[in-house]
Amino acid sequence: MASLLGRFCRKLVVPGSAHGSRMTSTTACGSETVKSLNLYSAINQALHIALETDPRSYVFGEDVGFGGVFRCTTGLAERFGKNRVFNTPLCEQGIVGFGIGLAAMGNRAVVEIQFADYIYPAFDQIVNEAAKFRYRSGNQFNCGGLTIRAPYGAVGHGGHYHSQSPEAFFCHVPGIKVVIPRSPREAKGLLLSSIRDPNPVVFFEPKWLYRQAVEEVPEHDYMIPLSQAEVIREGSDITLVGWGAQLTVMEQACLDAEKEGISCELIDLKTLLPWDKETVEASVKKTGRLLISHEAPITGGFGAEISATILERCFLKLEAPVSRVCGLDTPFPLVFEPFYMPTKNKASSSSSLSSPSKNTHFLIHGFSRLL
Amino acid sequence: MATSFSATLPLHGSQENRLLLPPIRLAPPPSSFLGFTRSLTIPSSRRLYHAHAARRSPVVGVQEVVKEKKVTNSLLITKEEGLVLYEDMILGRSFEDMCAQMYYRGKMFGFVHLYNGQEAVSTGFIKLLTQSDSVVSTYRDHVHALSKGVSARAVMSELFGKVTGCCRGQGGSMHMFSKEHNMLGGFAFIGEGIPVATGAAFTSKYKREVLKQDCEDVTVAFFGDGTCNNGQFYECLNMAALYKLPIIFVVENNLWAIGMSHLRSTSDPEIWKKGPAFGMPGVHVDGMDVLKVREVAKEAVTRARRGEGPTLVECETYRFRGHSLADPDELRDAAEKAKYAARDPITALKKYLVENKLASEGELKTIEKKIDELVEEAVEFADASPQPGRSQLLENVFADPKGFGIGPDGRYRCEDPKFTQGTAQV
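Residues numbered from 1 in each chain as written. Chains lettered and ligands numbered in written order. Predicted model: local features only at pLDDT ≥ 70, side-chain atom pairs only at ≥ 80, totals over all residues. Heavy atoms only, no water.

- Per an unreviewed UniProt entry, chain B goes by Pyruvate dehydrogenase E1 component subunit alpha and derives from Brassica napus.
- Turning to chain B, the UniProt record has this under Cofactor (unreviewed entry): "thiamine diphosphate".
- For the record of chain B, the UniProt heading Catalytic activity (unreviewed entry) holds the text "N(6)-[(R)-lipoyl]-L-lysyl-[protein] + pyruvate + H(+) = N(6)-[(R)-S(8)-acetyldihydrolipoyl]-L-lysyl-[protein] + CO2". (UniProt positions renumbered as here; feature names shortened; annotations may be inferred.)

- Chain A is annotated in an unreviewed UniProt entry as 3-methyl-2-oxobutanoate dehydrogenase (2-methylpropanoyl-transferring) of Brassica napus.
- In UniProt, chain A has this text filed under Cofactor (unreviewed entry): "thiamine diphosphate".
- Listed under Catalytic activity (unreviewed entry) in UniProt, the entry text for chain A is "N(6)-[(R)-lipoyl]-L-lysyl-[protein] + 3-methyl-2-oxobutanoate + H(+) = N(6)-[(R)-S(8)-2-methylpropanoyldihydrolipoyl]-L-lysyl-[protein] + CO2".

## Brief notes about the packing of helix α10 (residues 277-287) of chain A against helix α11 (residues 302-314) of chain A
All names here are of chain A.
No. 1: Two numbers describe how α10 lies on α11: the axes approach to 10 Å, and their chain directions differ by 60°. The angle between the axes of α10 and α11 places the two elements in the oblique class. As for how α10 packs across α11, the hand of that crossing is right-handed. Residues Lys277, Glu278, Val280, Glu281, Val284 and Lys285 of α10 pack against Glu305, Thr309, Ile310, Arg313 and Cys314 of α11. (Axes fitted to C-alpha atoms, helices over the stretch in contact; angles between N-to-C directions. Helix = DSSP H or I, 4+ residues; strand = E, 2+ residues; numbered from the N terminus. Parallel < 35°, antiparallel > 145°, perpendicular 65-115°, else oblique. Left-handed = near helix turned anticlockwise from the far one by under 90°. Contact = heavy atoms within 4.5 Å.)

## Regarding a nonpolar patch on the surface
Residue and element names in this part refer to chain B.
No. 1: Where nonpolar side chains cluster on the molecular surface, the patch consists of Phe202, Tyr206, Val210, Leu211, Met239, Leu242 and Tyr243 and spans about 650 Å² of accessible area.
No. 2: Mapped by element, the contributors of at least two residues to the nonpolar patch are α5 (193-209) and α6 (231-243).
No. 3: For the nonpolar patch, the element with the highest residue contribution is α6, accounting for three residues.
No. 4: With respect to the helices and strands, Leu242 occurs in helix α6. (Patch = residues over 30% accessible without salt bridge, like charges linked within 9 Å, V, L, I, M, F, W, Y side chains within 5 Å. Areas by Shrake-Rupley, 256 points an atom, 1.4 Å probe, with all protein chains shown as cover. Salt bridge = Lys/Arg side-chain N within 4 Å of Asp/Glu carboxyl O.)

## Describing the state of the cysteines
All names here are of chain B.
No. 1: Within this structure, the stated rule accounts for zero disulfides over all chains.
No. 2: Of all cysteine sulfurs, the one in Cys315 lies closest to Cys228, which takes part in no disulfide; the gap is 11 Å.
No. 3: Here Cys236 stays free of any disulfide, with the sulfur of Cys228 as its closest cysteine sulfur at 12 Å.
No. 4: Residue Cys236 is classed as buried on the basis of its relative accessible area of 1%. (Disulfide = S-S within 2.5 Å. Buried < 20%, exposed > 50% of the residue type's maximum accessible area, 1.4 Å probe, protein only.)

## A few points about the sheet that holds strand β3 (residues 85-87) of chain A
Residue and element names in this part refer to chain A.
No. 1: Spatial strand order, β3-β2-β4-β5-β7-β6-β12: seven strands in an open sheet with mixed pairing. Edge positions in the sheet fall to β3 and β12 (271-273), since each of these pairs with one other strand and no more. Within the sheet, the average angular offset between the axes of one strand and its neighbour, ignoring direction, is 20°.
No. 2: The pairing of strand β2 (residues 57-61) with strand β4 (residues 108-112) spans five bridges and is parallel. (Pairing = 2+ DSSP bridges.)

## Looking at the interface of chain B and chain A
No. 1: Taken together, the contacts link 41 residues of chain B with 36 residues of chain A.
No. 2: Note on chain B versus chain A: buried area summed over both sides is about 3300 Å², and carbon and sulfur give 75% of it.
No. 3: Summed over the three residues of chain B that lose the most area to chain A, namely Phe189, Met260 and Leu393 of chain B, the buried surface amounts to 20% of that side.
No. 4: Across the chain B-chain A interface, the total number found is zero salt bridges.
No. 5: Run the count over chain B and chain A and you get four residue pairs in polar contact (both at pLDDT 80 or more).
No. 6: Of the residues assigned to the side of chain B that touches chain A, the class counts are 20 nonpolar, 16 polar and five charged. (Buried area = accessible area lost by both parts, 1.4 Å probe. Polar contact = N/O pair within 3.5 Å; in protein donor to acceptor, adjacent residues only side chain to side chain. Nonpolar A, V, L, I, M, F, W, Y, C, P; charged D, E, K, R; others polar.)

So this is what it looks like as structure tokens:
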């Protein structure tokens, strides 16, 4: 239990950066200058580069002018002017719809929604307009230039309306892409890819990592391809799939499992829609076991989609049922956050995890049942 | 404590007169309402709405209520009322100051939004309501709950996340509910409470007109200037005017939505004008003066109780602290802050009470001391209260707690002893 400090550590070592893992991203190593940045600074850099390279790109949203409540947009208004970086009134539906219009006319609109919890008024515009624009106009118009950025996920004290993870709702919509970075370096590359991708992208940033995660981030313009999952850590006994802030928790669990002799393969999905089925499939065919973990409530979460697909593709190679360790089916609680979060949840609904074993590390529960 | 008004209370003697008051003056030509963006000065004059008789639904203007205090011969409040108002505002201020202290000591957590400086609006309106009237608020709801009658202990415990809080520690700062006092909640999402308030107002109207019950309840919805650019606000103005609901929309215009100035984000910053566009009176009032707010509130509440429909009241006010306790409050001009600090509603009321010999300094000091003790006691109570049991996490998701489903071991999930043992530890 004490080892699962992922959520409460001060500066975290970001998964993948210190384990000599295979990096499949296109970052240049060694020759380019890197700087130690946290997540919001990396995103800030990405936005600076995006606005610099395309004169018809705009950043707008609530409070972006002074830098935003998470400081992701600092310096943009001063550098690029109020015509390109501006505050909007408090109307998410209007903001996103306005962004769709800009994108339809060939601009790049980077919309900031202040918290992912506030994205629901805009859900109608995203699902009914952004996702279907190219389709229903017969490719005459498209809103590929639209990128919606929103901080998501638990932050320790957010409560009902500052901690939600709505990625599952958006993964059900054909026509948009959903991207979630796990660390500063990933965030910068993925955000630049998302902005330049010819499809509308919803980009969720794990708000808990804004200050906590620090990593060496190259200063130049680089992109990380979308729809490519990455194996952060190789192993042979069980495959773990996750995204965003949850990976830091899973990384800790992997380290603990290693002490018990279980070798874990950790995959960062990065893009949830469309997701990289091949990488996960190859990994599960190697290990035979799969565990998916996310903060959102378990029922109908994105883990269900991964589970169903992998079952279809790898049924004969699976040695145990696919396991999901996720948040509970309640609204995101305030005081009960430590119990809700899939770190300490003992009553997961997955059958392979409810073990009467005395071992308090619940992921080890899962491992010991699966092996 | 709350003054209750009967529907037949004649304001100015004449009951058959549909207009509330003596003939309304023409509105003065609109000078620049809030000054230019360079100097965010705001003239403190009140505005009128000129009623157009040709309208299909007679939109009744609201009078220019409070003239300069020196001019009137009679006082606006009695001594008892004055003391009640003073006590309520002091309670709001002390409570919020204590919240800040507790926050920085780590006793409460999460996002906390304080109401310092805006007490006149809460006290001015809510002290006119009865227990069965409903109030719907925003995330800045501690003082609304307190004015409505929720005990300081319950609010403080809720902030600490304890089981004795008004919502059993489930929601925290932004979710103050009270069935007993008809506080329909704080809402974290801006504008989210306004449709809820509209529905609540419909209930009272339905009870009165269809079910023929004796129901004069009104609903008061509080929200800010930023909300007035949100779709939900307009949808509800339309519905309320269409159905003639007993609701009062109170805009607490404190000019800032976190870091966004109201003047720079609104095409027409005069929010009161949006009322007539939907067919209801719109009034602008100085929200730093509790007596002026109270007079306007009396009118609006009486209108609603009589079944004449909704009113939009814009209160020009200011928050002395940042948006939340996490906000460093660097964006606002110091001169603007100083200007409003000089118009502190509590000092203004104190001055009024003392100058008009309604209360002595000593009496007011006694009230302040009493409130200080009350708030201290609330903190002690909250500290001593237990934290919620872990099983509370699964309760109230559905009406039937067993509706949560059966766990893999065949038992109801919320009764799983492995899960429900122990207490929540934050």
